[in-house]
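One letter stands for each residue in the lines below.
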Amino acid sequence: MVLVGAHLDSVSEGPGIQDNGSGSAGILEIALKMAALGTEPRNKVRFAWWGAEEAGLLGSQYYVDQLTPREIKNIALNLNFDMIGSPNFVRFVYDGDGDATGTAGPNGSGNIEQVFLDYFTGQDLASDPTAFDGRSDYGPFIGVGIPAGGLFTGAEDIKTAEEAAIYGETAGVAYDPCYHLACDTVDNFSFEALDQMSDAAAHAILTFAMTTSSVNGTDKGSDKAMKSAETLEYQGNKLRR
Ligand SMILES: [Zn+2]
């Protein structure tokens with residue numbers, strides 16, 4: 001099973017359109033399109049809209065706590081989308097193998113990262129790694145050894161001049177100037193970011209929905225795990241008419 005999640009709650013200070021209406025709407029549209037196009041995934045795909053992420057990952061933690069060992073084993077991976085429409089965005093990919101930030105996820109997380117990286121390379125779009133630190137709803141999943149991955153367009157951190165040269169918009173300003181504030185409204189949004197990131201999300205979801213390869217390989221820590229990434233290529237874009 002491919003478990004796709006986004007948190008539906010916001011902080012009490014604001015409406016949370018970017019954090020996380022962006023991720024919630026993004027995966028909802030993908031689910032609706034898969035249904036409308038009659039997509040028949042080879043693997044099961046489950047969409048989840050988590051509650052109380054902002055209160056400490058309560059919804060996703062509860063969900064994982066309720067799983068039996070067999071159900072945990074049946075979840076091949078978790079894909080998480082928490083903020084994919086930041087107005088001053090960077091295309092961040094969770095650093096699943098830890099090569100950029102030093103914190104790796106469970107075996108297989110690097111393969112998920114690679115699917116996103118290959119997608120952006122194929123689209124001629126730059127991307128950057130972001131720390132795989134468990135600070136969103138994938139945390140409880142990696143806590144029980146389920147590989148995970150996802151996308152992020154930035155929150156309170158400040159965009160560097162280097163990033164502005166690559167991604168445009170404004171250096172010296174937060175990726176999301178209204179992060180966790182009352183001004184996180186429909187005006188606090190980049191539809192360009194949402195468009196690019198939701199396409200990348202759809203690509204990854206369909207890749208894992210259709211693959212016959214195991215996400216994490218069979219040999220823990222062996223180079224076989226990385227090799228399986230090469231066979232994860234999803235041929236054709238079923239989400240385009
Ligand atoms: Zn969030």
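Chemist: Help me understand the pairing of strand β3 (residues 77–81), please; the structure alone is not making it clear to me.
Modeler: For a regular strand, the rule is simple: side chains alternate between the two faces of the sheet. Most of β3 is tucked away, with five of its five residues classed as buried. By the alternation rule, side chains of β3 split into Leu77, Leu79 and Phe81 and Asn78 and Asn80, which are all buried. Examined bridge by bridge, strand β1 (residues 2–7) and β3 share four bridges and lie parallel to one another. Considered in β3, the bridge of valine 2 is made with leucine 77. Relative to strand β6 (residues 148–152), β3 runs parallel, the two sharing four bridges. Residue leucine 79 lies in a different strand from β6, and its bridge partner there is glycine 149.

Chemist: I would appreciate a short explanation of the state of the cysteines in the present structure.
Modeler: Formally, a disulfide is one covalent bond, and it connects the sulfur atom of one cysteine to the sulfur atom of another. According to the stated counting rule, one finds one disulfide in the structure shown. In this model cysteine 178 forms its disulfide with cysteine 183; the gap between the sulfur atoms is 2.1 Å. The chirality of the disulfide connecting cysteine 178 with cysteine 183 is left-handed, given an S-S dihedral of about -110 degrees.

Chemist: Where do I start with the coordination of the zinc ion in this structure?
Modeler: Think of it this way: four donors in a tetrahedron around the metal ideally sit 109.5 degrees apart, and six in an octahedron ideally sit 90 or 180 degrees apart. Bound to the zinc ion on the protein side are His7 (NE2), Asp19 (OD), Asp82 (OD) and Asp82 (OD), at distances that span 2.0 to 2.8 Å. Considering all four donor atoms around the zinc ion, angles at the metal cover 51 to 153 degrees and the coordination shape is irregular. Donor residues for the zinc ion, ordered by position in the chain, follow H-x11-D-x62-D. Here the residue aspartate 19 occupies a position in helix α1 (residues 17–36), and aspartate 82 occupies one in the loop between β3 and β4 (92–94), the gap between them amounting to 63 residues. Like aspartate 82, aspartate 19 is buried.

Chemist: What exactly am I supposed to notice about the environment of proline 41 here?
Modeler: Mapping proline 41 onto the fold places it in the loop between α1 and β2 (45–50). Given the relative accessible area of 32%, proline 41 is considered partly exposed. A C-alpha to C-alpha distance of 9.0 Å links proline 41 and threonine 211, two positions 170 residues apart in sequence. What proline 41 contacts, discounting residues up to four positions off in sequence, is Met34, Ala209 and Met210.

Conventions used here
Residues numbered from 1 in each chain as written. Predicted model: local features only at pLDDT ≥ 70, side-chain atom pairs only at ≥ 80, totals over all residues. Heavy atoms only, no water. Buried < 20%, exposed > 50% of the residue type's maximum accessible area, 1.4 Å probe, protein only. Helix = DSSP H or I, 4+ residues; strand = E, 2+ residues; numbered from the N terminus. Pairing = 2+ DSSP bridges. Disulfide = S-S within 2.5 Å. Donors = N, O, S within 2.8 Å, 3.2 Å for Na, K, Ca; no water. Tetrahedral: all angles 85-135°; square planar, octahedral: opposite > 155°, others 65-115°. Contact = heavy atoms within 4.5 Å.

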